[in-house]
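# Examining the three-dimensional arrangement
In case you want the letters, here they are:
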Amino acid sequence: MPAQEPSRATKVTFSRTRASRSVSQGSRRRNRRRRVGFIARVAVLAVIGGLLPALSLALARPASAAASCPSGGCSVTVDARDLTSGSPLARFSYIVNVDNTKL
């Protein structure tokens, strides 16, 4: 019978560098996912924020002419001023269509 070799216990060692590297890669992936998710949320909020003025204009009730005028008639008061100085204009023309539409 051949001589048996003494049993050798296998020594299992873990390298800290590999373990920490795999953990750091996992945490990097999680951090990247969080960052991408945060950027996506900010982008969605920016798009919604950009559409709010248009949405408010679309939902606003359009202007309309008065249903009835008082006995003295309907009047419009215009305070016309110069754009640069802000002083009142001596002469100003204001045109109103009969059906109150744009020209």
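Here is a short report on the structure shown in this document. Counting from 1, residues in each chain are numbered in the order their sequence is written. With pLDDT at 70 or above as the cut-off, local features in this predicted model cover only qualifying residues; side-chain atom pairs require 80 or more to be listed or tallied, and sums for whole chains, interfaces and linings still use all residues. Computation of side-chain values: all heavy atoms of the structure, hydrogens and water removed.

## Topic: the environment of D82
The helix and strand labels rest on DSSP assignments: H or I over at least four residues marks a helix, E over at least two residues marks a strand, and numbering proceeds from the N terminus. One can find D82 in the segment after α1 (16-59). Think of it in three bands: with a 1.4 Å probe and only protein chains considered, a residue is buried below 20% of the maximum accessible area for its type, exposed above 50%, and partly exposed in between. The class for D82 is partly exposed, based on a relative accessible area of 30%. In what follows, a contact means two residues having at least one pair of non-hydrogen atoms within 4.5 Å. Excluding its chain neighbours within four sequence positions, the residues that come into contact with D82 are S87 and L89. Two N or O atoms form a polar contact when they lie within 3.5 Å of each other; inside protein one atom must be a possible hydrogen donor and the other a possible acceptor, and for residues adjacent in sequence the pair counts only when both atoms belong to side chains. Only 3.0 Å separates the side chain of D82 from the side chain of T84, close enough to count as a polar contact. One polar contact links D82 to S85, side chain to side chain, over a distance of 3.0 Å.

## Considering the environment of T101
Its place among the elements puts T101 in the segment after α1. Taking the C-alpha atoms as reference points, T101 and S64, separated by 37 residues in sequence, lie 9.5 Å from one another.

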